[in-house]
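Read off the chains here:
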Amino acid sequence: MPIAPLNDFEIDGFSDRALRRCVIVSGCLAALSFGAAMAVFPGGAYNPAMRMLSALGRSVIAGEKWPLCHHLFVLGMAASAFASASAFWVCRNLVSGARRKILYCGVAFNFVGLLTIAAVPENVSMFYHNVGCHLAAAGGCVCLFALNGNASGRGWTCLLLSVFSFFSLAIVLHALKVIPFSPAVPSMQKVVILSFAAWIIRIQQKSNV
């Protein structure tokens, strides 16, 4: 007797459950990797308010080549890429038509950007490292607009855009020599990262309803 094939709903359900587990595992791995990288940072304690996260991924730190924190940073960035891509992919069923296509583009930009940050240390090529940063940020914003009102409500959109705007303002003010680089720019970077992480957790809860 032939076995009836699984329908699309069952396949998608299994896929989404696996992806949600990937978000949890990859997200926890990323947090642990970054925390461990900060703990073993050469030359003294790493201060998140005074240094950018990418400082952990440099190929040479305090005279030490390819320090342990570099490898932990790469692992953390790769885990972050898979966590965010899995999270956004689960949310594909919350949107349709043009919005779903826009979401796919955002996922691709964000994923490639995060992996570029992991692959190219800032002290090796600041240009290509920054390309990765811009791709990751642009991809996250595209996903935010694609899911606006469907996954998390417009309140989250306003909040995240406000946080990102303050981060951008800090960068501009530093470029104009109005404020020093630290602690404003590194601190706002951490606020942006934590805010988007909180939003990703929120949209996972929404997509699971």
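Note that the structure is a prediction, hence the values are computed from the model and not measured.

A.B. asks: With reference to specific residues and values, describe the overall build of the protein.
C.D. replies: The secondary structure content of the protein amounts to 6 helices and 2 strands. Helices and strands in the protein line up, N terminus first, as α-β-β-α-α-α-α-α. Burial analysis of the protein (209 residues in total) assigns 40% to the buried set. Within the protein, counting contacts between residues at least 6 apart in sequence, those at least 24 apart form 67% of the total. Of the roughly 11,400 Å² of accessible surface on the protein, a fraction of 71% belongs to carbon and sulfur atoms.

A.B. asks: Requested: an account of the pattern of salt bridges, with residues and values cited.
C.D. replies: The tally for this structure, following the rule as stated, stands at 1 salt bridge. One salt bridge connects Arg58 with Glu122, and the closest N-O pair in it is separated by 2.5 Å. With Arg58 in the loop between α1 (8–39) and β1 (60–61) and Glu122 in the loop between α3 (98–119) and α4 (126–146), this residue pair connects regions lying 64 residues apart in the sequence.

A.B. asks: Account for the nonpolar core, naming residues and giving values.
C.D. replies: Of all hydrophobic cores here, the largest spans 23 residues; its most connected members are Phe88, Leu103, Val107, Leu147, Trp199 and Ile203. Put simply, the parts of the chain that give this core at least two residues each are α2 (68–90), α3, α4, α5 (154–175) and α6 (184–207). Broken down by element, the residue count for this core peaks at 6 residues, all from α6. For Val107, the contacting residues outside a window of four places in its chain are Ala85, Phe88 and Cys143.

A.B. asks: Run through the packing of aromatic side chains, naming residues and quoting values.
C.D. replies: In total, this model carries 8 aromatic pairs according to the counting rule given. Relative to Tyr46, the ring of Phe41 lies with its centre 5.5 Å away and its plane at 65 degrees, an arrangement referred to as edge-to-face. Under the relative-accessibility criterion, Tyr46 is labelled buried at 7%. A ring pair is formed by Phe88 and Trp199, whose centres lie 5.7 Å apart and whose planes are at 50 degrees; its orientation type is tilted. Placement of Phe88 in helix α2 and of Trp199 in helix α6 is noted, with a sequence separation of 111 residues between them. There is no split in this pair, since Phe88 and Trp199 are both buried.

A.B. asks: I'd love a proper account of the packing of α3 against α4, names of residues and values included.
C.D. replies: Interaxial distance between α3 and α4 falls to 7 Å at its minimum, and their mutual angle equals 155 degrees. On the basis of their axis angle, the class for α3 and α4 is roughly antiparallel. The interaxial crossing formed by α3 with α4 has left-handed handedness. Contact residues: α3 offers Arg99, Ile102, Leu103, Gly106, Val107, Phe109, Asn110, Val112, Gly113, Leu114, Thr116 and Ile117, while α4 offers Tyr128, His129, Gly132, Cys133, Leu135, Ala136, Gly139, Gly140, Val142, Cys143, Phe145 and Ala146. In the contact of α3 with α4, the residues fall into 15 nonpolar, 8 polar and 1 charged.

So, how was this worked out
- The numbers attached to residues start from 1 for each chain and follow its sequence in the written order.
- The model is predicted, so local features are restricted to residues of pLDDT at least 70 and side-chain atom pairs to those at 80 or more, both for listing and for counting; the totals for chains, interfaces and linings are taken over all residues.
- Neither water nor hydrogens contribute to the side-chain values; these are computed over all heavy atoms in the structure.
- Each helix corresponds to a stretch of at least 4 residues labelled H or I by DSSP, and each strand to a stretch of at least 2 residues labelled E; elements are numbered beginning at the N terminus.
- For every residue, the accessible area (1.4 Å probe, protein chains only) is compared with the maximum for its type, and the residue is labelled buried under 20%, exposed over 50%, or partly exposed between those bounds.
- In what follows, residue pairs with any heavy atoms lying within 4.5 Å of each other are defined as contacts.
- Surface accessibility in these figures is a Shrake-Rupley result with a 1.4 Å probe; residues are shielded only by whichever protein chains are displayed.
- We count a salt bridge whenever a side-chain nitrogen from Lys or Arg sits within 4 Å of a carboxyl oxygen from Asp or Glu.
- We call a set of buried residues a nonpolar core when its members are Ala, Val, Leu, Ile, Met, Phe, Trp, Tyr or Cys and they connect through side-chain atoms within 4.5 Å of each other.
- Pairing of aromatic rings covers Phe, Tyr and Trp, the last through its six-membered ring, and needs centres within 6.5 Å; plane angles under 30 degrees mean stacked, over 60 mean edge-to-face, and all others mean tilted.
- Simply put, an axis is a line fit to the C-alpha atoms, just over the touching stretch for a helix, and the angle between two N-to-C directions goes from 0 to 180 degrees.
- Reported orientations rely on four angle classes, namely roughly parallel under 35 degrees, roughly antiparallel over 145, roughly perpendicular from 65 to 115, and oblique for the rest.
- The handedness criterion is simple: a crossing whose near helix is rotated anticlockwise from the far helix by less than a right angle is left-handed, and one whose near helix is rotated clockwise is right-handed.
- In this count, Pro and Cys sit with the nonpolar residues alongside Ala, Val, Leu, Ile, Met, Phe, Trp and Tyr, while Asp, Glu, Lys and Arg are called charged and the others, Gly among them, polar.

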